[in-house]
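Remarks on the overall topology
In case you want the letters, here they are:
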Amino acid sequence: MTSLQDMPQVQNCAVDSCSYNAEHNCHAGAITVGGDHAHCGTFVEISFRGGLDRNGLVGACHRSDCVHNDKLECHAPSVRVGPSTDAADCLTYEAR
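Residues numbered from 1 in each chain as written. Predicted model: local features only at pLDDT ≥ 70, side-chain atom pairs only at ≥ 80, totals over all residues. Heavy atoms only, no water.

An unreviewed UniProt entry lists the protein chain under the name DUF1540 domain-containing protein, with Geodermatophilus africanus as the source organism.

Written as structure tokens, this is what we have:
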């Protein structure tokens, strides 16, 4: 199991409409990546901002076909989130 210290940070989030985004930094406790195109499942677009006073981490990745995925844990040094197929996708995703 990955410890909190080993979880990769969200290095950059280009999804300004996400309520966890503040100045291109993710402030969710941890994001989940999944779906058929590495979508950020933690993306939420509501009328107020929230989150923690630190950069978000990658808590889980359901894309077992990603080169950074080992037993549903992300092992990339860091990840970037931004628009691709959807408004908020993991841009670090790389197919095996």
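So, the pattern of salt bridges
To keep things clear, this is the line we draw: One side-chain nitrogen of Lys or Arg within 4 Å of one carboxyl oxygen of Asp or Glu is enough to make a salt bridge. Under the scheme applied here, a residue whose accessible area is under 20% of the maximum for its type counts as buried, over 50% as exposed, and between as partly exposed, the area being computed with a 1.4 Å probe on protein chains only.
Enumeration over the complete set of coordinates arrives at 1 salt bridge. Across the pair Asp 65 and Arg 63 runs a salt bridge, and its minimum N-O distance is 2.6 Å. When its relative accessible area of 30% is taken as the criterion, Asp 65 is described as partly exposed.

Topic: the nonpolar core
When a protein is soluble and globular, its nonpolar side chains tend to lie buried together. Heads up, the condition is: Residues belong to a common nonpolar core when they are buried Ala, Val, Leu, Ile, Met, Phe, Trp, Tyr or Cys residues joined through side-chain atoms within 4.5 Å. Helix and strand definitions follow DSSP, with helices as H or I runs of at least four residues and strands as E runs of at least two, each counted in order from the N terminus. We call two residues contacting when some pair of their heavy atoms lies within 4.5 Å.
Judged by nonpolar contacts, the single largest core of 18 residues is most densely connected at Val 10, Val 15, Cys 26, Ile 31, Val 33, Val 79 and Val 81. Going through the elements one at a time, strand 1 (9-13), strand 4 (30-34), strand 6 (57-61) and strand 9 (78-82) are the ones with two or more residues in this core. Look past the residues within four positions of Val 33 in its chain and what remains in contact with it is Ala 38, His 39, Ala 60, Cys 61, His 62, Arg 63 and Cys 90.

Details of the state of the cysteines
By definition, a disulfide links the sulfur atoms of two cysteines through a covalent bond. Rules: Here, the term disulfide refers to a pair of cysteine sulfur atoms separated by no more than 2.5 Å.
Tallied over the full model, the rule gives 0 disulfides. We note that Cys 18 lacks a disulfide partner, and the nearest cysteine sulfur, in Cys 13, lies 5.7 Å from it. Sulfur of Cys 61: no disulfide; nearest cysteine sulfur belongs to Cys 66 and is 5.6 Å away.

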